[in-house]
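# Residue-level structural notes
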Amino acid sequence: MYWDLLVTDAYRAATILGGEIYGYLLAGTLNAGTEQYAAGQKIKSYTVPRAAAPSVGTFTPSMAIPSAAEESDFGSAREFSLTKFIKQDFAIRAEVQKQVASGPYGFVTPHGQVMLELMRSMMRHLNDYTAETLSRDACRAVGTTSGSAFASNADVLADARTELVRNGFAPSNGSSSAILSLGAYNAASKLPGLINASASGSNNTLRQGVVGQLYNLDIRESHGTYTHTKGTGANYVLDGAHAVGATSIKVKTGTGTVLAGDVITIGGHKYVNNIALTGGYLTIAAPGLLSAQADGATVTINDSHEANIVADRAAFEIAMRPPAQVMMDGMDMTNITRRQIITHPGTGISFELAGWGGDGMANFSLRTLYEVIVWDQQRVIKLMSGV
């Protein structure tokens, strides 16, 4: 009986969190399910890569049936591993179980609000981890490291859209988002041209976390936005000439570290360094350098910054599964006696609620395996703002 009441409160807690602001978790492709996965087990992606160039030629009438690539050759075979694990544990003693629930949320057990706070901390971690991943794996950057990117206008959103178009991708309604911190959104929402929440469309749009739209970008607000702290590197220049499209950037003469996520300026364009400086090389995403550069060209490392993000839904994927348990002859061989999948209604993210008994008390755990992967870096642009 108490387990049923606890599950009821867990669903209520998830429903309350459904009204909170997790912009990153709403902006990507969610790959969630209830089937158990082992840590490190590979999971198939829901996303499909960009198509290759079309076949161009002359049409020749024929009775032969065209031969196409199998589906597994186009997207559905992409896999990645669930390597991260997050959990929150809590215990219940017999005397506490008999207490009457109280508080502002109408929970039916004394532990309803406990689960609310535990779930909230987990949701914020997942949101922040997604923000950090996108900041590190973005293609290029726009904005400023001095003051707010929205100090006087929303031009930085137009600049981000331009970078997406430059990469061969035009944002369309409902697929591309600008995910802003509370401070960045507060500044942007006061500028002319940004559609505010009261005029942003249907109630369904608002329930999906979209608080405005501009330049075909859904404007999303987020509890947390990753603040990137730059490395110690300075005074680097290019070592040798580099052609248009180069993604492996050789540098020399400088000192200090250049970290993954640092923004480097070369030839007037801002690129995100995706892998820490190693062996004299920096790494940027395709399509690489936008202009040819001569030997000795300056490599400017931008200052630390708040990393807001502009990205397409198909650019990144958030995968989650409950952890697998040892089974023998169809029986769970752990001492877990009860388990239930609890789904967050706003994002679709699911946690497993597991419980097992002791002597005069019981332990419970909310947990999930997860990973965030960026499939198409060309569809991710970092929007820098000062810290």
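Residues numbered from 1 in each chain as written. Predicted model: local features only at pLDDT ≥ 70, side-chain atom pairs only at ≥ 80, totals over all residues. Heavy atoms only, no water.

### Some details on the overall build of the protein chain
Per the secondary structure count, the protein chain includes seven helices and 24 strands. Across the 387 residues in the protein chain, those meeting the buried criterion constitute 45%. Expressed as a percentage of contacts within the protein chain between residues at least 6 apart in sequence, the contacts between residues at least 24 apart total 77%. Accessible surface, the protein chain as shown: approximately 17900 Å² in total, 53% of it carbon and sulfur. (Helix = DSSP H or I, 4+ residues; strand = E, 2+ residues; numbered from the N terminus. Buried < 20%, exposed > 50% of the residue type's maximum accessible area, 1.4 Å probe, protein only. Contact = heavy atoms within 4.5 Å. Areas by Shrake-Rupley, 256 points an atom, 1.4 Å probe, with all protein chains shown as cover.)

### Overview of unusual backbone geometry
For residues besides glycine, phi is generally negative; the peptide bonds are generally trans as well. Cis geometry marks the peptide bond from Ala286 to Pro287, where omega comes out at 10°. Despite not being glycine, Asn216 has its phi angle at roughly 65°, a positive value. You will see that Asn235, though not glycine, has its phi angle at about 65°, which is positive. Positionally, Asn235 belongs in the loop between strand 9 (227–228) and strand 10 (236–238).

### Points about the nonpolar core
Most often, soluble globular proteins keep nonpolar side chains buried together rather than apart. Ranked by size, the top nonpolar core spans 49 residues in total, and within it Met119, Phe316, Phe351, Leu353, Phe364, Leu366 and Val380 carry the most contacts. Counting residues per element, this core draws most heavily on helix 4 (residues 112–137), at ten residues. Not counting the four nearest positions on each side in its chain, Leu366 is found in contact with Ile86, Lys87, Gln88, Met115, Leu118, Met119, Met122, Phe351, Glu352 and Leu353. Judged by nonpolar contacts, the second largest core, of 21 residues, contains Ala154, Phe169, Leu214 and Leu383. (Core = buried A, V, L, I, M, F, W, Y, C linked by side-chain atoms within 4.5 Å.)

### What to know about the packing of helix 1 (residues 2–17) against helix 4
Running from amino to carboxyl end, helix 1 crosses helix 4 at an angle of 45°, the nearest separation of the two axes being 9 Å. Looking at the two axes, helix 1 sits oblique to helix 4. Every pair of crossing elements has a handedness; the one defined by helix 1 and helix 4 is right-handed. Across from Leu6, Asp9, Ala10, Ala13, Ala14, Ile16 and Leu17 in helix 1, the residues of helix 4 making contact are Gly112, Met115, Leu116, Met119, Arg120 and Met123. (Axes fitted to C-alpha atoms, helices over the stretch in contact; angles between N-to-C directions. Parallel < 35°, antiparallel > 145°, perpendicular 65-115°, else oblique. Left-handed = near helix turned anticlockwise from the far one by under 90°.)

### A look at helix 1
Here helix 1 contains 16 residues, and its C-alpha end-to-end distance of 23 Å stays within 8% of the 22 Å for a straight helix at 1.5 Å per residue. Along helix 1, the residues that are buried comprise Tyr2, Trp3, Leu6, Val7, Asp9, Ala10, Ala13, Ala14 and Leu17. Buried residues along helix 1 cover an arc of 160° about the axis, so they all sit on one side. (Expected span 1.5 Å × (residues − 1). Arc of directions from axis to C-beta.)

### Focus on the pattern of salt bridges
Taken as a whole and assessed by the stated rule, the structure comprises 14 salt bridges. Of the charged contacts in the structure, one is a salt bridge between Lys84 and Glu371, with a shortest N-O distance of 3.0 Å. Here Lys84 is found in strand 4 (residues 84–93), whereas its partner Glu371 is found in strand 23 (residues 361–374), with 287 residues between them in sequence. For Lys84, a relative accessible area of 28% translates into the label partly exposed. Classification of Glu371 as buried rests on a relative accessible area of 10%. Bridged by salt links that share partners, the residues Arg140, Glu163 and Arg166 form one connected network. (Salt bridge = Lys/Arg side-chain N within 4 Å of Asp/Glu carboxyl O.)

### A few points about the side chain of Ser385
Tracing the chain through its elements places Ser385 in strand 24 (residues 380–385). Classification of Ser385 by relative accessible area gives buried; the value is 5%. A polar contact of 3.0 Å, which involves the side chain of Ser385, links it to the backbone nitrogen of Ala149. Apart from the residues lying within four places of it in its own chain, the contact partners of Ser385 are Thr144, Thr145, Gly147, Ser148, Ala149, His305, Glu306 and Asn308. (Polar contact = N/O pair within 3.5 Å; in protein donor to acceptor, adjacent residues only side chain to side chain.)

### Notes on the environment of His111
Along the chain, His111 falls in the loop between helix 3 (94–97) and helix 4. A relative accessible area of 6% places His111 in the buried class. Put simply, His111 and Leu6 are 105 residues apart on the chain and 7.4 Å apart in space, counted from C-alpha to C-alpha.

### Things to note about the environment of Phe364
Inspection of the secondary structure assignment puts Phe364 in strand 23. Assessed through its relative accessible area of 7%, Phe364 is described here as buried. Through-space distance from the C-alpha of Phe364 to that of Arg338 is 9.3 Å; in sequence the pair is 26 residues apart. Dropping the residues within four chain positions of it, Phe364 is found in contact with Trp3, Leu6, Gln88, Asp89, Phe90, Ile92, Leu353, Ala354 and Gly355.

### Topic: the pairing of strand 16 (residues 298–301)
Here strand 16 shows a clear split, with Val299 and Ile301 buried on one side and none of Thr298 and Thr300 buried on the other. Of the strand pairs in this sheet, strand 10 and strand 16 are connected by two bridges, and their pairing is antiparallel. The partner of Tyr236 across the bridge, within strand 16, is Val299. Pairing between strand 12 (residues 263–266) and strand 16: two bridges, direction antiparallel. By the bridge assignment, Thr265 is partnered in strand 16 with Thr300. (Pairing = 2+ DSSP bridges.)

### Here's the deal with the pairing of strand 12
Of the two faces of strand 12, the one lined by Val263 and Thr265 and the one lined by Ile264 and Ile266 are each fully buried. As paired strands, strand 12 and strand 13 (residues 269–272) are joined by four bridges and run antiparallel to one another. Across the sheet, the residue bridging to Val263 is Val272, located in strand 13. With antiparallel pairing between neighbouring strands as the criterion, strand 12 and strand 13 make up a hairpin whose turn holds two residues, including Gly267 at a positive phi of roughly 60°.

### Concerning the packing of aromatic side chains
This structure, assessed with the given rule, holds four aromatic pairs. Relative to Phe364, the ring of Trp3 lies with its centre 6.1 Å away and its plane at 15°, an arrangement referred to as stacked. Residue Trp3 is found in helix 1, and its partner Phe364 is found in strand 23; the two are separated by 361 residues along the sequence. For the residue pair Trp3 and Phe364, the accessibility class agrees, reading buried in each case. Between Phe90 and Phe364, the ring centres sit 5.5 Å apart and the planes meet at 20°, which makes this aromatic pair stacked. (Phe/Tyr/Trp six-rings, centres within 6.5 Å; stacked < 30°, edge-to-face > 60°.)

These figures capture arrangement, not role.
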